[in-house]
Amino acid sequence: MRAGSLEWYFDMKKTLEELAQIVGGKVVGDGKTAVSGITSIEFPQENCLTYLTDPKRLDELERSPLAAFIVPKDIQISKKPLIQCENPKLAWAILLGLFVPPQTYSKQISNQASVAKSAKLGKEVTVEPFALVGENVTIASSSVIRAYAYIDEGCQIGEGTIIHPHAMLYAKTQVGNRVTIHAGSVIGSDGFGYVFDGKKQAKVPQTGNVVIEDDVEIGACVTIDRATIGSTRIRQGVKIDNLVQIAHNVEVGSHSCLSAQVGISGSSKIGSYVVMGGRAGLGDYCEIGDEVTLGAQTGVPSKKVIPPKQVWIGTPARPYEEMRKQVSAQLRSYETQQLVSELKKRIEKLEKELSDLKAGKP
Amino acid sequence: MRAGSLEWYFDMKKTLEELAQIVGGKVVGDGKTAVSGITSIEFPQENCLTYLTDPKRLDELERSPLAAFIVPKDIQISKKPLIQCENPKLAWAILLGLFVPPQTYSKQISNQASVAKSAKLGKEVTVEPFALVGENVTIASSSVIRAYAYIDEGCQIGEGTIIHPHAMLYAKTQVGNRVTIHAGSVIGSDGFGYVFDGKKQAKVPQTGNVVIEDDVEIGACVTIDRATIGSTRIRQGVKIDNLVQIAHNVEVGSHSCLSAQVGISGSSKIGSYVVMGGRAGLGDYCEIGDEVTLGAQTGVPSKKVIPPKQVWIGTPARPYEEMRKQVSAQLRSYETQQLVSELKKRIEKLEKELSDLKAGKP
Amino acid sequence: MRAGSLEWYFDMKKTLEELAQIVGGKVVGDGKTAVSGITSIEFPQENCLTYLTDPKRLDELERSPLAAFIVPKDIQISKKPLIQCENPKLAWAILLGLFVPPQTYSKQISNQASVAKSAKLGKEVTVEPFALVGENVTIASSSVIRAYAYIDEGCQIGEGTIIHPHAMLYAKTQVGNRVTIHAGSVIGSDGFGYVFDGKKQAKVPQTGNVVIEDDVEIGACVTIDRATIGSTRIRQGVKIDNLVQIAHNVEVGSHSCLSAQVGISGSSKIGSYVVMGGRAGLGDYCEIGDEVTLGAQTGVPSKKVIPPKQVWIGTPARPYEEMRKQVSAQLRSYETQQLVSELKKRIEKLEKELSDLKAGKP
């Protein structure tokens, strides 16, 4: 059945030369070699091309039915033809997109959709059946609103953006160009703000919105709350995996990556090029510097400031090197404790012996 | 763009006197001061009012274009006019709701919705396009069923309740008055109950339902499972943030707050006025006393009983004061271990020296 | 109100004899005893049957209005009639399903649904209003596509499968027979794959699909990503609780159980009959052996291999017995540290005394 999913690949044939030109690489060996698909090391399919960065695997893969490899410049010799590139994985990703082009859409407004008269839609916008576009929404050209997506009143959506099924954009959400929002994500619902009035939790009205800048990709079942006042803001090029929670008034800096199940509490600010591992979490009012990496399951307490470029991990979060030493100590904590008990006894014995000695006892 | 979202504010003007009267506060300074919006300290907009509890920030904010502050009674003097209140944040929240009233709905049943003939809908109920109301559902007056909400057969919904888009209420769910359920939340799907029959997991039918009492607010993409037998129950005034999981047969006591990504395993009982920080989790059959606070990421093992009013944190969860000492010890665990190694050597040296001394060696 | 949900039970009456025959059990006592419902120990309703495995609770339950008990073979005497069974909980689950049969569906294609002409639907398939079945989809007999479910182009669905409301099956997803997918789950959205090109994250096209084998049950708001190349695969009989994240190219072995909020990173392989507790997480490229148990909140680092049948827990994950000792040491880490400080002082004193003694000082 796995092979079944590869049927998409074999409609196209390209020579290695043609492919090298597309990615700006250099052919080593027969440039006329025909390539009929792009694959990964795990699936070494016949006549396919993959990328390879670890020279130790070269020998094994030369014996596979693969046609050729994309390699870094320091791999120069192989029994199979090569494309040498600066960034082999990037070249591979580009060619994969060439062989398996993205899904296309109808560029039509379905008459089973509900589109408000006051909405303004650009050229070649797709609105699938059962989608709902509210009052005063604007959608720029080539964007796609899939079935069951709800674009509530006053939302603005840029060009070439795809809103997948069951995504909910609450009122006044602003979405940039070339953004993808996957199925089931909820953008702009109320932040979790209450004041205790002595008897019950009184709601703080959540009056702001969410702004998503250009080239952002948001996974499935992600929740991003509107700001209490102002905007919750996801800056350019940010990538967000599935089931991530982003609270009110958060800002995520450009090109940062948030892995699945990450949670970010209210008013925290995340810099640019930050990477958060799976299920890392921030308390509220944190400030995470540019290019910081937070390991999987890291828990950063409220109001913590992490300087740029650092790698932190653990709960409570601390620099990776500290954590590494502490974890190694903790893994021996039982043995350490046993040793301490033993040392205590030896000290007691020494104390007694010395006391006896001083008292002239034998 | 942030300013854009503030356009909602400037339709209204009120004097400080009028506002003080609404919240039962006392004006200090010019009661005729005009206020055209409510804002937060982070966005000190012109002619706007905010609240302030930290007197240290007074000086800085007096130099802002803000019109006036809501303050506690111990702040008595300022260069700007003041409203003194018992609970400044509460007063601020009330006024914010006055200046930015909540979204309104059509009070009509869309002819693009699907409403069963046997369903009974009260006065001024809104049913948006593409919503689905099943057989024998009852919905009391002024409630709102938004697009793509599915109210399955036999559900009962009280007055003034809002079910946001893509919410799913499985059959027989009961929802009280003035409840809000945000987009994508799933109420009443099957609990995770299986019996291993020696070869496979056999399903335990999940025959109960979910009961949500009055004044509950449920965030986006929350999942609350129906009981195996009986009801999973969310009591009055509970507030639940996004992406929270509540398993079968759980009870959450009145006015408790569950932060984002919290998870509660089957049959656990949570008292009233409990606060669970982000991603705190309970094993099954736990009992959490009234007014307990669980810190972010706390993991409470199965069957644990936590007495009322305590603050617990960590995994496995323990009282905050213990945890604080233990974490501080763990942060030095590497140094402690190094010290223990050193002490061991010093003891060995002492033992040898003492032994030599006793043997009469120099 | 809890009683309200029990109304489903009382339509049927069976004798204990009849019920014992269905589950292959042996009656002890009056086989003519009438049973009008199945319940749990927590709700000892009149004339109902429940199961009981702990003989210590027998006395208390004999005084309840319950009609009879299903018990293991070592419980032989009771004041109430008994059904003795090999697996009492399994027998109870079977009888619960008899008394409370599952929800039924119309077996009709709603004319408010959108079904592509090229889709092939088997006999007695239900398609609810507002469901969407795309081009070239096949759905085998007796399956149910509920409202707002989106079955995108090229999906294949087996017999007797139920796709609940708001579930999204992206293109080319394959689903087996007797599968249940609960509301709001997203199957086959893009894996989280990017290559950093020096300035931004470039997308790696996600060209594979998701394959879900027979008898799988998937909870609400679960996300399972399509493979980059090949298939993400959920094998036969797997049970997945709510809000679980499964990344691209993961394989979950047959009959494994993943509790709520579990997260599995890319390319990890999980064996058969594995149990993952609530919110357990795997890094990428992990290999988890058959019959492994991972405790709640366990965090397994990338590339970790866990041998079959082991029980691991903690972050970083380690065998349960090690963890138990370490946690017990960590719970005393503060006291240990205090003791080490005290021992250090005592050693210093000893060193001085011994030095004095050797120097002939008193």
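Note that the coordinates shown come from a computational prediction; the quantities given were computed from them, not determined experimentally.

**Thoughts on the interface of chain A and chain C**
Accessible area lost upon the coming together of the parts serves often as the stated size of an interface.
Consideration 1: Every contact between the two is made by 65 residues of chain A and, on the other side, 80 residues of chain C.
Consideration 2: Both faces considered, chain A and chain C share a buried interface measuring about 5800 Å² in area, 63% of it formed by carbon and sulfur atoms.
Consideration 3: The tally of links between chain A and chain C comes to four salt bridges.
Consideration 4: Between Arg146(A) and Asp152(C) there is a salt bridge, and its shortest N-O distance comes to 2.8 Å.
Consideration 5: On the surface where chain A and chain C come into contact, there are 27 residue pairs in polar contact (both at pLDDT 80 or more).
Consideration 6: At the level of secondary structure, the elements contributing two or more residues to the side of chain A that touches chain C comprise helix H3 (88–99), strand E27 (239–240), strand E30 (257–258), helix H4 (320–331) and helix H5 (333–358) of chain A.
Consideration 7: If one sorts the elements of the side of chain A that touches chain C by residue count, H5(A) sits on top with 12 residues.
Consideration 8: Among the residues forming the side of chain A that touches chain C, the class breakdown is 33 nonpolar, 18 polar and 14 charged.

**Things to note about the domain arrangement of chain A**
Consideration 1: When cut into domains, chain A gives domain 1 (7–99), domain 2 (114–320) and domain 3 (332–362).
Consideration 2: Inter-centroid distance (C-alpha atoms) of domain 1 of chain A to domain 2 of chain A is 37 Å.

**Points about unusual backbone geometry**
Consideration 1: The residue after Thr315(B), namely Pro316(B), is reached through a cis peptide bond having omega -5°.
Consideration 2: Here Pro316(B) is to be found in the loop between strand E39 (311–313) and strand E40 (318–319).
Consideration 3: Positive phi outside glycine occurs at Asn136(A), with the angle close to 60°.

**Things to note about the interface of chain B and chain C**
Consideration 1: Counting residues at the interface gives 80 residues for chain B, matched by 65 residues for chain C.
Consideration 2: Among the residues of chain B in contact with chain C, Phe192(B), Thr207(B) and Ile229(B) are the three that bury the most area, contributing 12% of the side total.
Consideration 3: Inspection of the region where chain B meets chain C yields five salt bridges.
Consideration 4: Scanning the region where chain B abuts chain C turns up 27 residue pairs in polar contact (both at pLDDT 80 or more).
Consideration 5: For the side of chain B that touches chain C, the secondary structure elements donating two or more residues are strand E20 (186–189), strand E21 (194–196), strand E22 (201–203), strand E23 (209–212), strand E25 (223–225), strand E26 (231–234), helix H4 (320–331) and helix H5 (333–358) of chain B.

**Some words on the confidence of the model for chain A**
All names here are of chain A.
Consideration 1: Per-residue pLDDT for chain A has a mean of 94; in total, 97% of the residues score no lower than 70.
Consideration 2: Contacts from residues 1–10, a stretch scored under 50 in pLDDT, to residues over four places away or in other chains number 32 contacts.
Consideration 3: In the predicted assembly, ipTM is 0.94 and pTM is 0.95.

**Side note on the relation of the copies chain B and chain C**
Consideration 1: Here chain B sits on chain C after a turn of 120° about the axis and a move of 0.0 Å along it, with an RMSD of 0.1 Å. When the rotation and shift are considered jointly, the pair of chain copies conforms to a three-fold rotation axis.
Consideration 2: Here only 19% of the contact residues of chain B are again contact residues in chain C; the copies associate through non-equivalent surfaces.

**Some thoughts on the state of the cysteines**
Consideration 1: Using the criterion set out here, one finds zero disulfides over all chains in the structure.
Consideration 2: Free cysteine: Cys85(B), not disulfide-bonded; nearest cysteine sulfur from Cys48(B) at 17 Å.

**Considering the pairing of strand E6 (residues 68–71) of chain B**
Residue and element names in this part refer to chain B.
Consideration 1: Burial along E6 is two-sided: Ala68 and Ile70 facing one way and Phe69 and Val71 facing the other are all buried.
Consideration 2: Looking at chain direction, strand E5 (residues 48–51) and E6 are connected through three bridges and run parallel. Each residue of the ladder has a partner; that of Tyr51, found in E6, is Ile70.

**Describing the packing of aromatic side chains**
Consideration 1: Applying the stated criterion across every chain, the model contains 21 aromatic pairs over all chains.
Consideration 2: Centre to centre, the rings of Phe192(A) and Tyr194(A) are 5.2 Å apart; their planes meet at 80°, and the pair counts as edge-to-face.
Consideration 3: Relative accessible area serves as the criterion here: at 13%, Tyr194(A) is assigned to the buried category.
Consideration 4: Three or more aromatic residues link up through ring pairs in this structure, and these residues are Phe130(A), Tyr148(A), Tyr150(A), Phe130(B), Tyr148(B), Tyr150(B), Phe130(C), Tyr148(C) and Tyr150(C).

Rules and cut-offs
Residues numbered from 1 in each chain as written. Chains lettered and ligands numbered in written order. Predicted model: local features only at pLDDT ≥ 70, side-chain atom pairs only at ≥ 80, totals over all residues. Heavy atoms only, no water. Contact = heavy atoms within 4.5 Å. Buried area = accessible area lost by both parts, 1.4 Å probe. Salt bridge = Lys/Arg side-chain N within 4 Å of Asp/Glu carboxyl O. Polar contact = N/O pair within 3.5 Å; in protein donor to acceptor, adjacent residues only side chain to side chain. Helix = DSSP H or I, 4+ residues; strand = E, 2+ residues; numbered from the N terminus. Nonpolar A, V, L, I, M, F, W, Y, C, P; charged D, E, K, R; others polar. Domains from an automatic or database assignment. pLDDT = per-residue confidence, 0-100. Least-squares fit on C-alpha atoms with pLDDT ≥ 70 in both. Disulfide = S-S within 2.5 Å. Buried < 20%, exposed > 50% of the residue type's maximum accessible area, 1.4 Å probe, protein only. Pairing = 2+ DSSP bridges. Phe/Tyr/Trp six-rings, centres within 6.5 Å; stacked < 30°, edge-to-face > 60°.

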